[in-house]
Amino acid sequence: MSISRRRFIETLALTGGAAVFNACNQVQSTPAPTVQRAHEGEWTPAYAKLEDEGKFAERIEQAESIFTSCKLCPRRCEVDRTDGEQGFCEAPAKPVVYSRQPHYGEEIPLVGRGGSGTIFFSHCNLRCVFCQNWPIAHEGRG
């Protein structure tokens, strides 16, 4: 069974992304999608290679450990997001996804027929003066 780019992005946004950023170890019981491995000489996504090598779970644990002394951005506020503390960005331990959808605003080789995936997260820490996504990026909606 093959998985489409769109389905992969949806799954990542709804389950995979939450598992990576879930510092409270409350992983959803939703089963991971089955991904057909590429034939010899074809491209294979990095996450699939990591899973085949048995290293994907370790990478998730590494990502989760960052939240005990948060240094994800250049502000390096070092708050313990696993304990509910909030730094400059005011982001919780789990990511807040404002929206996700196919994106068609690039060149055809990049977007194909189904569009490339676009995920908008809330709680940006940059505070750019001319941010075109201010309500999405800074108001914590999602």
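In this report, we go over the structure that sits alongside the text.

Conventions adopted
Residues numbered from 1 in each chain as written. Predicted model: local features only at pLDDT ≥ 70, side-chain atom pairs only at ≥ 80, totals over all residues. Heavy atoms only, no water. Helix = DSSP H or I, 4+ residues; strand = E, 2+ residues; numbered from the N terminus. Buried < 20%, exposed > 50% of the residue type's maximum accessible area, 1.4 Å probe, protein only. Contact = heavy atoms within 4.5 Å. Areas by Shrake-Rupley, 256 points an atom, 1.4 Å probe, with all protein chains shown as cover. Phe/Tyr/Trp six-rings, centres within 6.5 Å; stacked < 30°, edge-to-face > 60°. Lys NZ or Arg CZ within 6 Å of the ring centre and 35° of its normal. Polar contact = N/O pair within 3.5 Å; in protein donor to acceptor, adjacent residues only side chain to side chain. Salt bridge = Lys/Arg side-chain N within 4 Å of Asp/Glu carboxyl O.

## Here we look at the overall build of the protein chain
Next up, step 1: Broken down by element type, the protein chain carries five helices and two strands.
Next up, step 2: The secondary structure elements of the protein chain, listed N-terminal to C-terminal, are α-α-α-β-α-β-α.
Next up, step 3: Burial status across the protein chain gives 26% buried among its 142 residues.
Next up, step 4: Excluding contacts between residues fewer than 6 apart, the proportion of contacts in the protein chain whose partners are at least 24 apart in sequence is 43%.
Next up, step 5: Accessible area for the protein chain stands at about 10,000 Å²; split by element, carbon and sulfur atoms hold 53% of it.

## Description of the packing of aromatic side chains
Next up, step 1: The final tally for this structure, using the stated rule, is zero aromatic pairs.
Next up, step 2: Its end group placed over the ring of Phe88, Arg75 keeps NZ or CZ at 3.7 Å from the ring centre.

## Some remarks on the environment of Thr68
Next up, step 1: By the element assignment, Thr68 lies in the loop between helix H3 (56-65) and strand E1 (97-103).
Next up, step 2: The class of Thr68 is partly exposed, set by a relative accessible area of 45%.
Next up, step 3: Not counting chain neighbours up to four residues away, the residues in contact with Thr68 comprise Val79, Asp80 and Thr82.
Next up, step 4: Among the polar contacts made by the side chain of Thr68, one reaches the main-chain carbonyl oxygen of Ser65 at a distance of 2.9 Å.

## Examining the side chain of His138
Next up, step 1: Summarising the element assignment, His138 is placed in helix H5 (residues 134-138).
Next up, step 2: His138 gets classed as buried once you look at its relative accessible area, which sits at 14%.
Next up, step 3: Engagement of the side chain of His138 in a polar contact is seen with the backbone oxygen of Cys124, the distance being 3.3 Å.
Next up, step 4: Other than its neighbours up to four places away in sequence, His138 contacts Cys124, Arg127 and Cys131.

## Considering the pattern of salt bridges
Next up, step 1: Tallying each qualifying case throughout the model produces two salt bridges.
Next up, step 2: Residues Lys55 and Glu53 are paired through a salt bridge, measuring 3.7 Å at the closest nitrogen-oxygen approach.
Next up, step 3: The residue Arg141 makes a salt bridge to Glu139 at a minimum N-O spacing of 2.6 Å.
Next up, step 4: With relative accessibility at 43%, the residue Glu139 sits in the partly exposed group.

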